[in-house]
Amino acid sequence: AGALVATILLFIILGIGCLCGSINFCGFSTNVNIESILLWILAFGIQGATEEIVTRGWLLNVLSTKYNIGVGLLISSTLFGLMHLTNPNVNYIAVINIILVGLFYGLYVIKTNDLWAVCGMHSAWNFAQGNIFGFKVSGLDVSVGSLIDLNLVGSDFVTGGIFGPEAGITAT
């Protein structure tokens, strides 16, 4: 369920980008390394789950118990955004968007009590962004080949530029 939600959200952002002319479809890739892509599925699964277990599974619960849900949600989401400050080419829109998605993930966990769905959302988002669509993932290059060749054009403010779509106003 989480992977499906993340994929739908990413398709919405890509659709907006295509309609605005900030994303060009260049075709399907012919140079795809399936073994590397499979390793990235595993890597993103571990990475996404680890960040979610720390921020939503542990910190959100500890702070919500000690203070209240609002404090837990705000602090865990802000920490999630700040964890990305050292990523290459980060900008303020990226951090704001990552905090916002942290709030969304936190609300999802609070509403459904399903941390694993959020782990799936996070991991699927990163995998799809890098290995299906060929974008940078939070500023990191995971270029082992992507299934679809897309090109960001225009203002970095809109597209996210070399950080990836998370740093663009379209993702907000």
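Check the entry above for the structure.
Per chain, the residues get numbers from 1 upward, laid out in the order the sequence is written. At least 70 in pLDDT is required for a residue's local features to be given in this predicted model, at least 80 for side-chain atom pairs to be given and counted, and no such filter applies to totals for whole chains, interfaces and linings, which use all residues. Just so you know, side-chain values use all the structure's heavy atoms and leave hydrogens and water out.

(A) Quick peek at unusual backbone geometry. Phi at Asn-89 takes a positive value of approximately 60°, unusual for a residue other than glycine. Within the chain, Asn-113 stands out as a residue other than glycine whose phi angle is a positive 60°. When a residue's accessible area, from a 1.4 Å probe over protein chains only, is under 20% of the maximum for its type it is buried; when over 50% it is exposed; and in between it is partly exposed. When its relative accessible area of 70% is taken as the criterion, Asn-113 is described as exposed.

(B) Local environment of the environment of Leu-73. The topology assignment puts Leu-73 in helix α3 (residues 69-82). For Leu-73, a relative accessible area of 10% gives the class buried. When the C-alpha atoms of Leu-73 and Glu-35 are compared, they prove to be 38 Å apart, with 38 residues separating the residues in sequence. Helix and strand labels come from DSSP, where a helix needs a run of H or I of at least four residues and a strand needs a run of E of at least two; each type is numbered from the N terminus.

(C) Quick look at the packing of aromatic side chains. Side-chain rings of Phe, Tyr and Trp (the six-membered ring for Trp) are treated as a pair once their centres are within 6.5 Å; stacked means planes under 30 degrees apart, edge-to-face means over 60, and tilted covers the remaining angles. In total, this model carries 6 aromatic pairs according to the counting rule given. Judged by centre distance (6.4 Å) and plane angle (55°), the rings of Phe-80 and Tyr-105 are tilted. Remark: Tyr-105 occurs in helix α4 (residues 92-112) and Phe-80 occurs in helix α3; sequence separation between them is 25 residues. Accessibility expressed as a relative area gives 5% for Tyr-105, which makes it buried. Residues Phe-104 and Tyr-105 carry aromatic rings whose centres are separated by 6.1 Å and whose planes lie at 50° to one another, so their mutual orientation is tilted. Members of the aromatic cluster, joined through ring pairs, are Phe-80, Phe-104, Tyr-105 and Tyr-108. In this scheme, the term charge over a ring applies when either NZ of a lysine or CZ of an arginine sits within 6 Å of the ring centre and within 35 degrees of the ring normal. Of note, Arg-56 hangs over the ring of Phe-80, and the distance from its end group to the ring centre comes to 4.4 Å.

(D) The pattern of salt bridges, seen in detail. Any Lys or Arg side-chain nitrogen found within 4 Å of a carboxyl oxygen on Asp or Glu counts as a salt bridge. Enumeration according to the criterion identifies 1 salt bridge in this entry. Residue Glu-52 is joined to Arg-56 by a salt bridge in which the shortest nitrogen-to-oxygen separation is 2.7 Å. With Glu-52 and Arg-56 both in helix α2 (residues 34-66) and 4 residues apart, the pair spans about one turn of that helix. Arg-56 carries the same exposure label as Glu-52, and that label is buried.

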